[in-house]
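# A closer look at the structure
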Amino acid sequence: MASHFKPKHLMAAAGAVALVLSTAACGGSSDSGSTTAKNFSFLAINENTTIAKTLTTLSQKECATQNTAQPLEIKNQAQASLDQQLQLLAGQGALPQLFTAANAPSLTSQLADNGTVLDAAAVSESVLPAASSTIKSLYDGKQLVLPTELNIEGIWYNKKLLTDNGITTVPSTWEDLVAAFAKLQGAGVQPISQAGKGGDGWGVTRWVGNYILRQQGPDALKKVADGSAKLTDPQYVAAADAIAALGKAGYFGKSPTSIDYATALNTFLTGKAAFIYMGSWALSDFNDETKNKIGVDNVGFLKFPTVAGGVGTADQMPANVGTAVAISKKAYEGDANTQAWVKCIVDNYGTVALRDSSQITGFTTDSAVEVPALTKEIQTEIGNVQSSVLWFEGYFSAKATTVSQSNGGLLGSGQLTGEKFMQTVTANLG
Amino acid sequence: MHSVLGDRKSVAILLGPALLVYSLIMLVPMLWSLGYTFFTGSVISGFTWAGTANFSKLFDDPALPDALWFTVKYAVVITVGQVLVGYLLALLYVYFLRRAGSVIRTLVFFPVVLPTVAVALLFQKFFEYAPQTGPVNAVIEAFGGTGVDWFSTPGHAFLVVALMDIWRSMGFYAVLLYAGLLDIPDEMMEAASMDGAGTWRQIRSIVLPLSLPVLVSSLVFSINGTLKAFDSIYALTGGGPGSATTPLTLYMYQTSFAYGDYGYGSTIALTLTMLCLLVTIFIFRGTRRDLAQG
């Protein structure tokens, strides 16, 4: 037996194994890379179920033909690790046809610069001008994402909890708002529900960003990006200190560092907290009776208030396209089935998302769709936006974004001073 | 046998495939990573020559000393904890639990085979502070104390990480050391006992010296594992609060894959490699001295 295993045979066998292994290694890319992909893949995030739900509906109705040619396949990813997953997939040339755009806009721009992400301008005939302009301001004049959301952000409140505790006028200034927090805290009601666990700390850093914009005007964060101001400048530190003071007073609840996004939202929707800072993407949850136990009529929207002596106004609305989706250029070009799918999404997504999830998007919609009163109110607010501002990390790198958001919880629990928080973020701005 | 191993062709055929696989999956990536230390960028943005900039950055980066200190602190505490508790358990098995030993050994060993992420989730729930009160805080409160927000302060978070990792691996070290203790002849213990040596004296003068080689091996195993710890910390605290429980491994991972800076990530990896090398040299020098004395 042994005599049959000559070195030549062994070498040939080793060569064959190596060939198989190297073929397997090189062929690891998903089917999305071929010209006729088997499936239409979408990389969703766990924290946003609306996009997956809407795409699934489209696949069964409006885009059923496209779905037959290329069945929809949805994969999920935690939002906190989305950016690293996108980098890994892009590095391997394995991005799916459609994927949730990176948390850090700078990463999506980087992906576009190296030819990985499609400039969606050519396929965006059904995108509203307001959404298009918001996207372009975020991505240096390019339309790199499809606006599966068009949001404004602000402070949502529980009307009943406020009136039950003697707050009959909705606070319109920062001072009134803090006084309301104190009153609620005194009455044993958690004033604010906000997540601060790991990457969900953006809930707290949004307060910092908005305070800065109200105090110093809408260009304050752009100045930091341009290098004409620093986050460690006294006026910026004062803003972070104002939020740290809320944390020290316990207004963000027992332990924001232990609370994730879903828990924070649930705390508000079950009437255990009076206020929550949130984007209008949460309308689908507010309108969902199984989740919203306080009743949709009981939810009010408050623009982030003005700060005494500040130059920013409450009309300068934090607006964004929230969780948007990007298209893989490699997968789109040359694949007629994928192109048909994308066209169908652009044409129908707005109507289906509004009809089924009360989600306001940046796509045109069928005017016949009836929406709940709160959604109608927010639609009007969005329509009235004259000047929009970006969020705290809007101009940050991926590293600074992660560092800021993972330290947000500590600011919200009062364990980090404003100065220390700003120093930590500044050290990572690059 | 000698004729086979003396034949160069046979040696090449026997070693060749293993060496090839080892080189492909270990040495090549290591050398590749070493090369990255002189570049900046990522596979997305492309790479540009950075010279020694990444090495200079090591000295300017405020996060690096914190990660390095956490790595050393973690390695020392966990190694001491794992080996000490393992040794105490082994002594318990050999000298006090001879009959029920196998049952206890199995129970103590059980966490070793559990998936790390499952153990991390278990400890998250055990030490939960909000929105629900976990069992640990419930007990503290039942005795009139105030619940502790374990994962929001660096000290408390480190304590939970240490407890979890010691609990998770003490069974392994207990079995390892138990095997070593079994080699100690019963006659020697009986003779000492007849000479009037008490339990403590027997342990100090007989058990400890005779089990020293297996203890040193356990220390080498443990320190090697703890310096490279990643999964348990990532799953339990994610490196938080802030970056308070971020070891070099996690910082390297974040830098390379979340922040897209492969060059600096590789430089951090090199720092970790140097640290491991230093510890290995230190341990082996110490071991050699022990053997020479023995």
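A quick note: this is a predicted structure, and the numbers were derived from the prediction, not measured. (Residues numbered from 1 in each chain as written. Chains lettered and ligands numbered in written order. Predicted model: local features only at pLDDT ≥ 70, side-chain atom pairs only at ≥ 80, totals over all residues.)

Turning next to the overall build of chain B. Tallying secondary structure elements over chain B gives 14 helices and two strands in all. Along the first, second and third principal axes, the C-alpha set of chain B runs to 75 × 75 × 30 Å. (Helix = DSSP H or I, 4+ residues; strand = E, 2+ residues; numbered from the N terminus.)

The subject of this paragraph is the environment of Thr173 of chain A. Residues and elements named next belong to chain A. Considering the arrangement of structural elements, one finds Thr173 in the loop between α7 (159–164) and α8 (174–186). Residues Thr173 and Thr306 lie 133 residues apart in sequence; the distance between their C-alpha atoms is 5.0 Å. Not counting residues within four places of it along the chain, the set of residues in contact with Thr173 comprises Pro305, Thr306 and Ala308. (Contact = placed C-beta atoms within 7 Å.)

Further remarks concern the nonpolar core. Ranked by size, the top nonpolar core spans 169 residues in total, and within it Val145, Ala240, Ile243, Ile276 and Val325 of chain A together with Ala174 of chain B carry the most contacts. With residues up to four places along the chain from it excluded, the contact list for Val325 of chain A reads Ile51, Leu98, Phe99, Thr100, Ala101, Val145, Leu146 and Thr148 of chain A. (Core = buried A, V, L, I, M, F, W, Y, C linked by C-beta atoms within 7 Å. Buried ≥ 20, exposed ≤ 12 C-beta atoms within 10 Å, placed from the backbone.)

Residues and elements named next belong to chain A. A large share of strand β6 (residues 273–279) lies buried, amounting to six of its seven residues. Pairing of strand β4 (residues 151–158) with β6 involves five bridges; the strand directions are antiparallel. Note on β6: the bridge partner recorded for Gly154 is Met278. (Pairing = 2+ DSSP bridges.)

Below, the discussion takes up the domain arrangement of chain B. Note: interface size is frequently given as the accessible area lost on complex formation between the parts. Split into domains, chain B comes out as domain 1 (1–28) and domain 2 (61–293). The gap between the C-alpha centroids of domain 1 of chain B and domain 2 of chain B is 36 Å. (Domains from an automatic or database assignment.)

Attention now moves to the confidence of the model for chain A. All names here are of chain A. The pLDDT averaged across chain A works out to 90; a share of 92% of its residues lies at or above 70. When mean pLDDT is compared element by element in chain A, strand β5 (residues 190–192) scores highest at 98, while helix α1 (residues 7–26) scores lowest at 45. In the model, residues 1–5 has pLDDT below 50 throughout and makes one contact with residues more than four positions away in sequence or in other chains. Confidence over residues 13–34 falls short of pLDDT 50; this stretch has 22 contacts with residues more than four positions distant or in other chains. (pLDDT = per-residue confidence, 0-100.)

Facing the 25 residues of chain B at the interface are 31 residues of chain A. In terms of residue class, the side of chain B that touches chain A is made up of 13 nonpolar, nine polar and three charged. (Nonpolar A, V, L, I, M, F, W, Y, C, P; charged D, E, K, R; others polar.)

The next thing to look at is the sheet that holds strand β1 (residues 40–45) of chain A. All names here are of chain A. Spatial ordering of the open sheet is given by β2-β1-β3-β9, a layout of four strands whose pairing is mixed. Only two strands of the sheet have a single neighbouring strand rather than two, namely β2 (72–77) and β9 (325–327). If you compare each strand with its neighbour and ignore which way they point, the axes differ by 20° on average. With two bridges joining them, β1 and strand β3 (residues 98–100) adopt parallel strand pairing. When the sheet's bridge partners are listed, Phe42 is paired in β3 with Leu98. (Axes fitted to C-alpha atoms, helices over the stretch in contact; angles between N-to-C directions.)

Here the focus is the domain arrangement of chain A. Residues and elements named next belong to chain A. You can read the domains of chain A as domain 1 (34–147 + 322–361) and domain 2 (152–319 + 395–427). Placing the centre of domain 1 and that of domain 2 at their C-alpha centroids yields a distance of 29 Å. Counting from both sides, the interface comprises 16 residues of domain 1 and, opposite them, 14 residues of domain 2. Here the side of domain 1 that touches domain 2 is composed, by residue class, of four nonpolar, 10 polar and two charged.

In this section: the UniProt feature "transmembrane region" (unreviewed entry) in chain B. The sites that carry the UniProt feature "transmembrane region" (unreviewed entry) are, in the present numbering, residues 12–32, 74–96, 103–123, 157–182, 203–223 and 262–284 of chain B. With 100% helix and 0% strand, the stretch residues 157–182 of chain B has end C-alpha atoms that lie 37 Å from each other. (UniProt positions renumbered as here; feature names shortened; annotations may be inferred.)

Moving on to unusual backbone geometry. For the bond running from Ala130 of chain B to Pro131 of chain B, omega is 0°, close enough to zero to count as cis. By the element assignment, Pro131 of chain B lies in the loop between α6 (116–126) and α7 (135–142). At Asp140 of chain A, a residue that is not glycine, the phi angle is positive and equals roughly 50°. Among the secondary structure elements, Asp140 of chain A is positioned in the loop between α6 (129–138) and β4.

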